[in-house]
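# Results of the structural survey
What follows is the residue order along each chain.
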Amino acid sequence: MERKPHKFEKLPVYQKAQELFDLIDVIAEALKEDDMKEHLAAQMLSNAAIIQAKIAGAEGGGLYSLRMQNAVLIKLAVQDMFNAVSFASMVNINEEDYVQLMRDKVEEFRLVFVDWIRGFDKSYDIPDNWAIRFDTSTPEQEKLEELMFDEEKFFEGFDDEGFDDDEDFGDEDNDDKPDERN
């Protein structure tokens, strides 16, 4: 019995992610010779799988903030995967130089990825209470923004009155004060 593909598997971003996975699979297979190489290969394959899983997760949940959270994790996984391929090339642990091929595939994916996230519905969201996405048009987000770090309030208690610029803070140039370290 043949499995019916999920709706998200037909998306261009998912198909590009599959191309990335296939390329990483070839690269990982070329690396499986010793423990260090196998660890690197497993890292690459893990990141490639995360990309596909997070696309599915973003498509499964409609809230904008959840979809964007998945998008950020996808971006990080792509970067980690590319860094692993670059590392393998830098330390000459693979016979083939996959860096340019990987760079090209990542750029193809990035273009489709950007189109995909631009299609997310920003109006379908609720405040996530983490203040990551601010839409100050809602009272909830205005309240969250007020809770954010206020640099001026933080530094109010740190005025210059308690500090004397002429004090010795361990400078050897100040000879008129005895050395109290003994």
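Here is a short report on the structure shown in this document.

About the thresholds
- Residues numbered from 1 in each chain as written.
- Predicted model: local features only at pLDDT ≥ 70, side-chain atom pairs only at ≥ 80, totals over all residues.
- Heavy atoms only, no water.
- Helix = DSSP H or I, 4+ residues; strand = E, 2+ residues; numbered from the N terminus.
- Buried < 20%, exposed > 50% of the residue type's maximum accessible area, 1.4 Å probe, protein only.
- Contact = heavy atoms within 4.5 Å.
- Areas by Shrake-Rupley, 256 points an atom, 1.4 Å probe, with all protein chains shown as cover.
- Salt bridge = Lys/Arg side-chain N within 4 Å of Asp/Glu carboxyl O.
- Expected span 1.5 Å × (residues − 1).
- Arc of directions from axis to C-beta.
- Polar contact = N/O pair within 3.5 Å; in protein donor to acceptor, adjacent residues only side chain to side chain.
- Phe/Tyr/Trp six-rings, centres within 6.5 Å; stacked < 30°, edge-to-face > 60°.

### Quick word on the overall build of the chain
Looking only at helices and strands, the chain has 6 helices and 0 strands in total. Starting at the N terminus, the α and β elements of the chain follow one another as α-α-α-α-α-α. Evaluated residue by residue, the chain yields a buried proportion of 28% over its 182 residues. Sequence separation of at least 24 residues holds for 64% of the intrachain contacts in the chain that already meet a minimum separation of 6. Surface accessibility of the chain: about 13400 Å² in total, with carbon and sulfur atoms responsible for 51%.

### Here we look at the pattern of salt bridges
Considering all chains together, one arrives at 6 salt bridges under this definition. In this structure, K16 engages E108 in a salt bridge whose closest nitrogen and oxygen atoms are separated by 3.0 Å. Highlighted residues: K16 in helix α1 (residues 12–31) and E108 in helix α4 (residues 99–118), separated in sequence by 92 residues. The exposure class assigned to E108 is partly exposed, which follows from its relative accessible area of 30%. Linking E108 and K105 is a salt bridge whose minimum nitrogen-to-oxygen distance equals 3.4 Å. You can see E108 and its partner K105 sitting in helix α4, 3 residues apart, about one turn around the helix. Of the residues examined, K105 reaches a relative accessible area of 21% and is grouped as partly exposed.

### A closer look at α4
Taking 1.5 Å of rise per residue, 20 residues should cover 28 Å, and α4 covers 28 Å from first to last C-alpha, within 8% of that figure. Among all positions in α4, only V99, M102, V106, F109, V112, F113 and W116 are buried. The buried residues of α4 all sit within an arc of 155 degrees when viewed along its axis, so they share a single face. Among the exposed residues of α4, those oriented more than 90 degrees off its buried face are D115 and R118. Check the buried side of α4 and you find it contacts α1, α2 (35–60) and α3 (64–90).

### Side note on the environment of L76
The topology assignment puts L76 in helix α3. Along the primary structure L76 and N47 are separated by 29 residues, whereas in three dimensions their C-alpha atoms are 8.7 Å apart.

### Remarks on the side chain of R67
Along the chain, R67 turns up in helix α3. A distance of 2.5 Å separates the side chain of R67 from the side chain of E59, its partner in a polar contact. Not counting chain neighbours up to four residues away, the residues in contact with R67 comprise A58, E59, G61, G62, W116 and F120.

### A word on α2
Compared with the 38 Å implied by 1.5 Å per residue over 26 residues, the 37 Å span of α2 between its first and last C-alpha is a close match. Summarising the contacts, the buried residues of α2 are in contact with α1, α3 and α4.

### Some words on the packing of aromatic side chains
In the structure shown here, the tally under the stated rule is 4 aromatic pairs. Between F8 and Y14 the ring centres are 5.2 Å apart and the planes differ by 70 degrees, which places this aromatic pair in the edge-to-face class. In this pair, the class of F8 matches that of Y14, namely buried. Three or more aromatic residues joined by ring pairs form one cluster here, namely F109, F113, W116 and F120.

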